[in-house]
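These are the residues of each chain, in order.
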Amino acid sequence: MCCAIAADQAPLPQPPVLAPDEVAQMRRLVRRIALATPERVSSRTWKSSRSAPRLDLRRTVRAAQHSGGEPVRLVYRRRRTRLRRLILLCDVSGSMEPYTRVFLSLLQGAIAEAEAEAFIFSTGLTRLTRQLAVRDPDQALARAAASTQDWAGGTRLAESIRHFTDAWGRRGLARGAVVVIISDGWALDDPESVHTQMARLRRLAYRIIWVNPRKIALHYQPVVGGMAAALPFVDAFVSGHSYAALAEVAAAIRADRSYPHENTRTR
């Protein structure tokens, strides 16, 4: 049971620290990563004059009114297909500070290329889609920092996920969406609360991808605390610590539910 999971006590395994020039390079490279979600079949249909399984009788009759009542053109209906919505929730707490600039560049690119929705969280949750919808990465970072008062603070992981689910997720934003959570999982919340909120999000999302740069650190094991509580609900668990690893993030976003992930998920 999740309530038996102990909170993290030992110091966090540290991921590789990026030098300033490496951060600048990754910020340039990360915007080249093409992000695209899987397609979904909409419940709505649209008319087509081409052969399709289902005849749209109403539109066929309407079209016949323009030809003297003769149905000279049969109108068929077929399912719409569209890309699933992409949502990114990025941890900007103190423990994630070495990677904050890189990941915000990823969010910025996702908004520009995939029309994603972007949120950041620390002790609270802030929606940043509008602030990051600018081309200049430094301007986007400045606007992002000005939009929250708890930058580089602690992490209220469960509370932030609860806030997202209540304010946006249940209204439809997360339904059938690909949700990417970028965090080391080092949270002030009780693990049971993290478990509860992740279960709620799991019921809404199509896939949940967790990006944790500490995953690459030697001896890192997500066996305690918030990360352990969240992992059963995650479809793909990747590090995102380098440009190559961020390409793995993009692959996980594109994948459907058959994507092979390293963790074991329970439903």
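Preceding block: the structure.
Residues numbered from 1 in each chain as written. Predicted model: local features only at pLDDT ≥ 70, side-chain atom pairs only at ≥ 80, totals over all residues. Heavy atoms only, no water.

A.B. asks: What is the right way to read the overall build of the chain from this model?
C.D. replies: When you go through the chain residue by residue, the secondary structure sums to 8 helices and 9 strands. Taken over 267 residues, the chain has a buried fraction of 50%. Sequence-distant contacts, at least 24 apart, represent 79% of the contacts inside the chain between residues at least 6 apart. Summed over its atoms, the accessible surface of the chain is roughly 13600 Å², and 50% of this surface lies on carbon and sulfur atoms. (Helix = DSSP H or I, 4+ residues; strand = E, 2+ residues; numbered from the N terminus. Buried < 20%, exposed > 50% of the residue type's maximum accessible area, 1.4 Å probe, protein only. Contact = heavy atoms within 4.5 Å. Areas by Shrake-Rupley, 256 points an atom, 1.4 Å probe, with all protein chains shown as cover.)

A.B. asks: Please explain the sheet that holds strand E4 (residues 86–91) as it appears in this structure.
C.D. replies: The strand order E6-E5-E4-E7-E8-E9 describes an open sheet built from 6 strands, whose pairing is mixed. Two strands close off the open sheet at either side, each with one partner strand: strand E6 (125–127) and strand E9 (236–238). Between one strand axis and the next, the sheet turns through 20° on average, direction left out of account. Here strand E5 (residues 117–121) runs beside E6; their pairing, made up of 3 bridges, is antiparallel. (Pairing = 2+ DSSP bridges. Axes fitted to C-alpha atoms, helices over the stretch in contact; angles between N-to-C directions.)

A.B. asks: In this structure, what is going on with the environment of Ile 253? I would like to understand it.
C.D. replies: If you trace the backbone, Ile 253 turns up in helix H8 (residues 243–254). With relative accessibility at 1%, the residue Ile 253 sits in the buried group. Sequence spacing of Ile 253 and Ile 208 is 45 residues, and the spatial spacing of their C-alpha atoms is 8.9 Å.

A.B. asks: Would you mind showing me how to read helix H3 (residues 100–114) here?
C.D. replies: A rise of 1.5 Å per residue sets the reference length of H3, with its 15 residues, at 21 Å; its end C-alpha atoms lie 20 Å apart and thus fit the reference within 8%. Counting buried residues in H3 gives 11 out of 15 residues, a clear majority hidden from the surface. Looking at the residues trailing H3, positive phi occurs at Glu 115, about 55°. (Expected span 1.5 Å × (residues − 1).)

A.B. asks: Would you explain the packing of aromatic side chains in this entry?
C.D. replies: Think of a pair of aromatic rings as described by two things: how far the centres are apart, and how the planes are tilted against each other in angle. Within this structure, the stated rule accounts for 3 aromatic pairs. A centroid spacing of 4.9 Å and a plane angle of 65° characterise the contact between Phe 119 and Trp 168, whose relative ring orientation is edge-to-face. Placement of Phe 119 in strand E5 and of Trp 168 in helix H5 (residues 157–173) is noted, with a sequence separation of 49 residues between them. Pairwise contacts between aromatic rings join Phe 119, Phe 164 and Trp 168 into one cluster. (Phe/Tyr/Trp six-rings, centres within 6.5 Å; stacked < 30°, edge-to-face > 60°.)

A.B. asks: Got a minute to help me understand the pairing of E5 in this structure?
C.D. replies: Moving residue by residue along a regular strand, the side chains alternate between the two faces of the sheet. Judged by how many residues are buried, E5 sits mostly within the fold: 5 of 5 residues are covered. With burial as the criterion, each face of E5 is covered, one bearing Glu 117, Phe 119 and Phe 121 and the other bearing Ala 118 and Ile 120. Of the pairings in the sheet, the one linking E4 to E5 comprises 5 bridges and is parallel in character. Each residue of the ladder has a partner; that of Ile 87, found in E5, is Glu 117. In textbook terms, the turn of a hairpin is the stretch between consecutive antiparallel strands, and for E5 and E6 this stretch comprises 3 residues.

A.B. asks: Looking at this structure, I do not really get H5. What am I missing?
C.D. replies: Every α-helical turn comprises 3.6 residues, leaving residues that sit three or four positions apart pointing alike. Taking 1.5 Å per residue, 17 residues should reach 24 Å; H5 reaches only 19 Å between its end C-alpha atoms and comes up short. Thr 165 marks where H5 bends most, by close to 45°. Burial in H5 covers these residues: Leu 157, Ala 158, Ser 160, Ile 161, Phe 164, Thr 165, Ala 167, Gly 169 and Leu 173. Contact partners of the buried residues in H5: E4, E5, E6, strand E7 (178–182), helix H6 (191–204) and strand E8 (207–211). (Bend = angle between axes of the 7 residues up to and from the residue.)

A.B. asks: Before we go on, may I ask you to explain the pattern of salt bridges in this structure?
C.D. replies: For the coordinates displayed, the defined rule picks out 7 salt bridges. Ionic pairing is found between Arg 214 and Asp 184, a salt bridge with its closest N-O pair at 3.2 Å. With Arg 214 in the loop between E8 and helix H7 (225–230) and Asp 184 in the loop between E7 and H6, the pair connects residues that are 30 residues apart, well separated along the chain. The burial state of Arg 214 is the same as that of Asp 184; both residues are buried. Look at the salt bridges and you will find they share partners, linking Glu 159, Arg 162, Asp 166, Arg 170 and Arg 200 into a network. (Salt bridge = Lys/Arg side-chain N within 4 Å of Asp/Glu carboxyl O.)

A.B. asks: How do you make sense of the nonpolar core when you look at a structure like this?
C.D. replies: Generally speaking, a soluble globular protein has its nonpolar side chains buried in company with each other. In this structure, Leu 107, Leu 132, Ile 182 and Ile 209 are the most contacted members of the largest nonpolar core, which totals 34 residues. Elements represented by at least two residues in this core include exactly E4, H3, E5, helix H4 (137–146), E7, E8, E9 and H8. Ranked by residues supplied to this core, first place goes to H3 with 7 residues. Setting aside residues no more than four positions away along its own chain, Ile 182 makes contact with Leu 89, Cys 90, Asp 91, Met 96, Phe 103, Leu 106, Leu 107, Phe 121 and Val 211. Counting 31 residues, the second-largest nonpolar core is a separate cluster that includes Leu 89, Leu 173, Ile 181 and Phe 233. (Core = buried A, V, L, I, M, F, W, Y, C linked by side-chain atoms within 4.5 Å.)

A.B. asks: Looking at this model, I keep getting lost on the side chain of Ser 105. Mind explaining?
C.D. replies: Secondary-structure assignment places Ser 105 in helix H3. Ser 105 gets classed as buried once you look at its relative accessible area, which sits at 2%. A distance of 3.1 Å separates the side chain of Ser 105 from the backbone oxygen of Arg 101, its partner in a polar contact. (Polar contact = N/O pair within 3.5 Å; in protein donor to acceptor, adjacent residues only side chain to side chain.)

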